[in-house]
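# Chains, contacts and geometry: an overview
Chain residues, written in single-letter form:
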Amino acid sequence: MAMALRCFRHLHSLLYCSSLATIRRLPQAPAGCPALLLDGCRQCVHQVMLTRQLATKKAKGKGQAQARVNISAALVEDIINLEETNEDMQAVVEALKEDFNRNISVRTSPGALDHIVVVTKDGKFPLNQLGQISLKSPQLIVVNMTNFPESTAAATKAIRESGMNLNPEVDGTLIRVPIPKVTREHRESLAKLAKQSTNKSKDALRKVRSKSVNQVKKFKSKVSEDTIWLLEKQIQQMADSAAAEMDKLLAAKTKELLG
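The following paragraphs examine the structure supplied in this document.

Analysis parameters
- Residues numbered from 1 in each chain as written.
- Predicted model: local features only at pLDDT ≥ 70, side-chain atom pairs only at ≥ 80, totals over all residues.
- Heavy atoms only, no water.
- Salt bridge = Lys/Arg side-chain N within 4 Å of Asp/Glu carboxyl O.
- Buried < 20%, exposed > 50% of the residue type's maximum accessible area, 1.4 Å probe, protein only.
- Axes fitted to C-alpha atoms, helices over the stretch in contact; angles between N-to-C directions.
- Helix = DSSP H or I, 4+ residues; strand = E, 2+ residues; numbered from the N terminus.
- Parallel < 35°, antiparallel > 145°, perpendicular 65-115°, else oblique.
- Left-handed = near helix turned anticlockwise from the far one by under 90°.
- Contact = heavy atoms within 4.5 Å.

### With respect to the pattern of salt bridges
- With the rule as written, the count across this model stands at six salt bridges.
- Among the salt bridges present, the one from R176 reaches D171, with a minimum N-O distance of 3.3 Å.
- R176 sits in the partly exposed class, given a relative accessible area of 29%.

Here you go:
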């Protein structure tokens with residue numbers, strides 16, 4: 001009798017949650033789960049707390065509201081670390097931003113050459129670890145390869161193939177790098193380079209997304225299909241947000257280069 005009264009007290013809230021889950025297409029409690037009526041089934045509560053928030057933004061060309069997912073990371077931490085996934089995606093965005101600031105600029109500075117990768121017989125090294133880079137005049141950068149003279153040819157090749165429109169000249173262990181005049185062609189070349197860098201970053205972003213989705217799919221046999229779907233949707237939203245940031249960075253950089 002006491003158990004029946006306790007169940008009755010929870011009946012109203014259970015019916016409400018069940019109706020809400022049906023409307024929102026959320027995962028419902030497993031049939032015949034007495035623990036939810038008594039003290040609360042942990043699995044059921046976790047699944048019911050996964051919510052879908054409808055965004056007011058309309059789908060392109062269809063005029064339909066897009067469903068936006070907002071999952072509590074704490075509830076799915078045993079499946080995937082969503083915060084870590086988001087951090088990995090943001091790291092790709094920050095790397096693109098750093099690439100734009102360092103390598104894709106109308107004005108070439110000594111620092112722009114620092115991280116050009118030089119391939120030598122002993123491995124790959126940043127140019128600034130092999131040579132001393134200095135600005136001799138507003139139109140000339142000099143790389144002193146005295147410490148690693150055997151890498152002079154490799155460093156010259158790396159500078160020429162850096163995509164920065166540079167034509168280095170070798171003078172013994174010195175590499176003279178004339179800074180090209182800022183022409184319309186040079187600006188357009190930099191804009192194309194910015195586009196290429198953005199595409200590479202988006203490829204890296206897709207790899208992060210795919211890795212995370214594959215991690216989630218490993219739990220297909222342990223959690224409901226709705227939970228898997230919600231997590232995949234959440235990961236896709238993170239990727240879309242990061243890609244949108246990249247598009248904004250590219251648009252700003254293109255405007256800066258081409259006016």
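### Details of the packing of helix α4 (residues 82-103) against helix α8 (residues 225-258)
- Packing of α4 against α8 brings their axes to within 10 Å, and their N-to-C directions diverge by 15°. Taken together, the axes of α4 and α8 are roughly parallel relative to one another. Note on packing geometry: the crossing formed by α4 with α8 is right-handed. For the pair α4 and α8, the contacting residues are L82, T85, N86, M89, Q90, V92, V93, L96, K97 and F100 in the first and L231, Q234, I235, M238, A239, A242, E245, M246, L249, L250 and K253 in the second.

### Topic: the side chain of S151
- As for its placement among the helices and strands, S151 is situated in the loop between β6 (140-144) and α6 (152-160).
- Apart from the residues within four sequence positions on either side, S151 is in contact with T120, L130 and M145.

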